[in-house]
Amino acid sequence: MSRIAARFAKLKAEGRGALMPFVEAWDPDHATSLALLKGMPAAGADLIEIGCPFTDPMADGPTIQLAGRRALDAGASMKNTLAMVRDFRADDTDTPIILMGYLNPILSYGVERFCADCAGFGVDGLIIVDLPSEEADLVLPHATANGLDIIRLIAPTTDDARLPLVLNGSSGFVYYVSITGITGTRTASGDELADAIPRIRRFTDLPIAIGFGVRTAAQAAGAVTHADGAVVASALIDIVKADLDSNGGKPKPDTVARVLAQVTALAEGVRGVRSAA
Amino acid sequence: MNAPSPRFGANSLRNGPDARGRFGEFGGRFVAETLMPLILEVEAAYNAAVADPAFQPELDRYLKDYVGRPSPLWFAQRLTDRLGGAKIYFKRDELNHTGAHKINSCMGQILLAKRMGKTRVIAETGAGQHGVATATVCALFGLPCTVYMGAVDVARQAPNVFRMKLLGAEVIPVTSGASTLKDAMNEALRDWVANVRDTFYIIGTVAGPHPYPMMVRDFQSVIGNEAKAQLHEAEGRLPDMCVAAIGGGSNAMGLFHPFLDDPSVRLIGVEAAGHGLDTFQHAASLSRGRPGVLHGNRTYLLQNEDGQIQEAHSISAGLDYPGIGPEHSWLHEIGRVEYEAATDQEALDAFQLCTRTEGIIPALEPAHALAHVAKIAPAMDRDKIIVMNLCGRGDKDIFTVAEALGVKL
Ligand SMILES: Cc1ncc(COP(=O)(O)O)c(C=O)c1O
């Protein structure tokens, strides 16, 4: 069983949903992002998404755009993003790690070598934002050969006729993009989620995580009343950014601690809800 | 989905793209899932429009009576004499309403937007020509229009910004990245993701996800089709060479596509060499880039070893783009089209040459094409014929040129 499947099975047995915080690799620098990554499981993260910086993040709002820019300025690359995963795995062999990014840096690295290195360094799944099902054959065979889960995005615009195509080849979990929009902008209403999630469940037994627009503990709790997990990104990055803005571009001594405290608050929200499934 | 039946015979180079939107290994549909259903809807609507016998006549009427087509094919006698070699013809798309070729495709796309029942239009623009053309057709059809434009381009193309506003468009300056065309396109795509249901994205070049590279090429092919017929009338034969500037590649595809199956016609695309191909300040994606994925398609891109996209540079805002339409990448790899480059300085020299010898102030974009013509025409025999796409007029560029020449206006 993959680490992702094992983690969701365990949470199901506990009767609760998953919190998946997001950290942009190398934002604002290597040390800070690695400290965040390493601190997240103890703070309450059940799975972790690592954002792979890209110059042209088409589906991201200003928060993640700027995080990517800071990371690239600090020297981020695909190679040293993978190195972060290796360092994380030195003391955590259980928490699933999912890389989320765009296709071009992966193509540039070489898809086959990338998938092999991901597996070797301890990555469990990939979310490639600009790789829809129609183009997935570029990556899928190499991901499968290396035991990596390919996590598909499903959007409010993905209709019933299309869902089987999108789900074909998905594994690990599915990621429901809860709004038509970019990251860090709008939040879906409870009614929208109450409509969307059962619709997707008719087509798959995979766990469903909700992302885009989940910011607060209450919203994360709301997400796991409908689905199996909540992804929180921009709200955490905003804490980093506020510190950088008020501290001449440098993180403060307690920046990491305060982001992790927010992860804990989100985890408490998620853990306060009995599982929907 | 079935592969479209070949429109031009089995061995034609004009049948692309395939059902997946690929030209060889280039093109495709690399967009977020949110957009994917919409992209498929645009493709279906475009195929239905092409199959509808009423669509092309309607478009033709707008092109003739509103845009002013056909644009003339002008024998540039004085320039030919000056260069002393091949006969040079200008395909004068700078005489179109709004002053460039961009409106050919905007007219087609707005008719499609209307057919799809879309009520709002967005566009990206570099030089502002595509933004002006989009704002124009939106005014004509009464649709609200939002144009994304890099903040750097807003500053260097101020007259076009004002034109767009006069036409009722909202112009949003984009400050991410290098604040030029690439970033404007990112922002337009983000807008589209957020407004999928009511919005049509009028893309300005043969880039973006399938079906855009095909659709924009088809709409721009009016340039080459006319030029072929006009030259036949004037000279009774095909040209020996066609030359066009390349930003995203739409004016070039429009001129070249009808000639792809005429092997005697050399086709030359001219990229912007900026400060020089061996500096890092140019926009020559084919000469100095390598294949990757950006803005929904796989194509040649300026990128670093980590796959991060690099900023392009050109004195011409319309050529300042680190990618190129995927069909060009394919034509480059199969060797059917040759790709050359001209520097900022060469384009400035050609700009002045054209102005003084022909009384035509060209846009800085086609000035790059002319710079290449000026390099090669003198060595060609006098019975050879070159058709160059004079795809835009230079009114928008006089401030940039004045600054480059050290003149204070
Ligand atoms: C006059 C003119 N020519 C050329 C271009 C470049 O675009 P393309 O290569 O798609 O023709 C532009 C773009 O703004 C333009 O305004």
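Attention in this report is confined to the structure presented alongside it. (Residues numbered from 1 in each chain as written. Chains lettered and ligands numbered in written order. Predicted model: local features only at pLDDT ≥ 70, side-chain atom pairs only at ≥ 80, totals over all residues. Heavy atoms only, no water.)

Moving on, we come to the state of the cysteines. Residues and elements named next belong to chain B. Here the structure, examined in full by the defined rule, presents zero disulfides over all chains. Free cysteine: C106, not disulfide-bonded; nearest cysteine sulfur from C138 at 8.2 Å. For the unlinked cysteine C391, the closest cysteine sulfur is that of C354, found at 11 Å. For C391, a relative accessible area of 3% translates into the label buried. (Disulfide = S-S within 2.5 Å. Buried < 20%, exposed > 50% of the residue type's maximum accessible area, 1.4 Å probe, protein only.)

With respect to the helices and strands, the residue G39 of chain A is situated in helix α2 (residues 30–43). Spatially, the C-alpha atom of G39 of chain A lies 19 Å from that of A71 of chain A, the residues being 32 residues apart in sequence. (Helix = DSSP H or I, 4+ residues; strand = E, 2+ residues; numbered from the N terminus.)

Turning our attention to the site of the ligand. Residues and elements named next belong to chain B. Close to the ligand lie 17 residues; T205, G247, G249, S250 and N251 are nearest. At a separation of 3.2 Å, an oxygen atom of the ligand approaches a polar backbone atom of G248. Here G249 contributes a backbone N or O atom positioned 2.7 Å from an oxygen atom of the ligand. A total of 390 Å² of accessible area belongs to the ligand in isolation, and the protein chains cover 97% of it. Cavity membership is defined here by more than half of the atoms lying within 2 Å of grid points; on that basis the ligand lies in the largest cavity. A breakdown of the residues in the shell around the ligand according to their chemical character gives five nonpolar, ten polar and two charged. Built from parts of two domains, the shell around the ligand gets at least three residues from each of domain 1 (23–63 + 102–216) and domain 2 (70–99 + 221–404). (Near = heavy atom within 4 Å. Polar contact = N/O pair within 3.5 Å; in protein donor to acceptor, adjacent residues only side chain to side chain. Areas by Shrake-Rupley, 256 points an atom, 1.4 Å probe, with all protein chains shown as cover. 1 Å grid on protein atoms, 1.4 Å probe; cavity = no way out; pocket = protein on both sides within 12 Å on 5 of 7 lines; lining within 4 Å. Sits in = over half its atoms within 2 Å of the grid points. Nonpolar A, V, L, I, M, F, W, Y, C, P; charged D, E, K, R; others polar. Domains from an automatic or database assignment.)

Okay, the pattern of salt bridges next. Residue and element names in this part refer to chain A. Going through the model one piece at a time under the given rule, you end up with 49 salt bridges over all chains. In this structure, the salt-bridge partner of D124 is R3, at a minimum N-O distance of 2.6 Å. Pair noted here: D124 is in the loop between α6 (111–121) and β4 (125–128) and R3 is in helix α1 (residues 3–14), with a separation of 121 residues, a long-range link. One salt-bridge network, held together by shared partners, links K10, E14, R16, D46 and R271. (Salt bridge = Lys/Arg side-chain N within 4 Å of Asp/Glu carboxyl O.)

The next point concerns the environment of R186 of chain A. Residues and elements named next belong to chain A. With respect to the secondary-structure elements, R186 resides in the loop between β7 (174–177) and α9 (190–201). C-alpha separation for the pair R186 and G213, spaced 27 residues apart in sequence, amounts to 5.4 Å. Not counting chain neighbours up to four residues away, the residues in contact with R186 comprise I179, T180, F212 and G213. (Contact = heavy atoms within 4.5 Å.)

This brings us to empty space enclosed by the protein. By rolling a water-sized probe across the atoms, one finds the places where empty space is left. What the rule picks out here adds up to eight cavities of 30 Å³ or more. Approximately 300 Å³ is the volume found for the largest cavity. At the level of secondary structure, the elements contributing two or more residues to the lining of the largest cavity comprise β5 (120–125), α5 (129–141), α8 (181–194), α11 (250–256) and α15 (364–376) of chain B. Classifying every residue of the lining of the largest cavity gives ten nonpolar, 15 polar and four charged. Taken together, domain 1 (23–63 + 102–216) and domain 2 (70–99 + 221–404) of chain B each give at least three residues to the lining of the largest cavity, which thus spans both. If you add up the space inside the second largest cavity, you get close to 240 Å³. Broken down by secondary-structure element, the contributors of at least two residues to the lining of the second largest cavity are β1 (18–24), β2 (48–51), α3 (62–74), β3 (97–101) and α11 (234–246) of chain A. Per-class residue counts for the lining of the second largest cavity are 15 nonpolar, seven polar and four charged. (Points joined across faces, edges and corners; volume = space filled by probe spheres on them.)

Okay, the pairing of strand β8 (residues 208–211) of chain A next. Within a regular strand, the side chains alternate between the two sheet faces. Residue and element names in this part refer to chain A. Every second residue of β8 is oriented toward a common face, with I208 and I210 on one face and A209 and G211 on the other, all of them buried. Both β7 and β8 contribute to a ladder of four bridges, which runs parallel. Residue V174 lies in a different strand from β8, and its bridge partner there is I208. Each parallel crossover has a hand, and the one from β7 via α9 to β8 is right-handed. As paired elements, β8 and strand β9 (residues 229–232) share two bridges and run parallel to each other. Paired with I210 across the strands is A230, a residue of β9. At this point the chain moves from β8, through helix α10 (residues 217–226), to the parallel β9, and the crossover so formed is right-handed. (Pairing = 2+ DSSP bridges. Right-handed = clockwise from strand over helix to strand, strands pointing away.)

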